[in-house]
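Survey of secondary and tertiary structure
Here's the letter readout for the chains.
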Amino acid sequence: FGNELDKDSSLLLLGSGFIAGGIILFISKSGKERKNTIGTPEALLIGIMQGIAIIPSISRSGLTIAVALLLGIKKELAPVLEISFQYGAAPSSEF
């Protein structure tokens, strides 16, 4: 009986994560490009969002890009965000 509850709660968590990620990505399309640089507050918020992405079914890259777009960071700065994926991959793979 206990295993069935664990399976149901795991499916609920995964499904919720996929739905939340989809909603965040959909909402990010409404972000207006205003900023040419990434400042400390933006970098900190993007880093916090990457930390939240340890939840199963939450895409770290998708969440990072969505938050950057919502903050108004221009799409041309995407290569800068790719560097954060490279540096963040090593510590997260140790878990």
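In this text, all values refer to a predicted model and were calculated from it rather than measured experimentally.

1. Quick notes on the nonpolar core
One finds I46, M49, A53, I58, L63, V67, A68, L71, I73 and L77 forming the largest nonpolar core, which totals 10 residues. Those elements that place two or more of their residues in this core are α2 (40–52) and α3 (60–70). It is α3 that provides the largest number of residues to this core, a total of three residues. In this structure V67 touches L45, I46 and M49, once residues within four positions along its chain are discounted.

2. Quick notes on the side chain of E42
Tracing the backbone through its elements, the reader meets E42 in helix α2. A polar side-chain atom of E42 sits 2.9 Å from the main-chain amide nitrogen of G39. Dropping the residues within four chain positions of it, E42 is found in contact with K35, L71 and I73.

3. Some points on α2
The terminal C-alpha atoms of α2, which comprises 13 residues, lie 18 Å apart, in line with the 18 Å expected from a rise of 1.5 Å per residue. Within α2 the residues assigned to the buried category are E42, I46, M49 and Q50. Across the axial projection of α2, the buried residues extend over an arc of 105°, all falling on one side. Among the exposed residues of α2, those pointing more than 90 degrees away from its buried face are T40, P41 and L44.

4. With respect to a nonpolar patch on the surface
Together, L13, L44, L45, I48, I52, I54 and I55 make up a nonpolar patch on the protein surface, roughly 630 Å² of accessible area in all. Here the nonpolar patch gets four residues from one element, more than from any other, and that element is α2. Relative to the elements of secondary structure, L44 occurs in helix α2. We classify L44 as exposed; its relative accessible area is 55%.

Quick notes on the rules
Residues numbered from 1 in each chain as written. Predicted model: local features only at pLDDT ≥ 70, side-chain atom pairs only at ≥ 80, totals over all residues. Heavy atoms only, no water. Core = buried A, V, L, I, M, F, W, Y, C linked by side-chain atoms within 4.5 Å. Buried < 20%, exposed > 50% of the residue type's maximum accessible area, 1.4 Å probe, protein only. Helix = DSSP H or I, 4+ residues; strand = E, 2+ residues; numbered from the N terminus. Contact = heavy atoms within 4.5 Å. Polar contact = N/O pair within 3.5 Å; in protein donor to acceptor, adjacent residues only side chain to side chain. Expected span 1.5 Å × (residues − 1). Arc of directions from axis to C-beta. Patch = residues over 30% accessible without salt bridge, like charges linked within 9 Å, V, L, I, M, F, W, Y side chains within 5 Å. Areas by Shrake-Rupley, 256 points an atom, 1.4 Å probe, with all protein chains shown as cover. Salt bridge = Lys/Arg side-chain N within 4 Å of Asp/Glu carboxyl O.

Geometric values such as these leave the question of function open.
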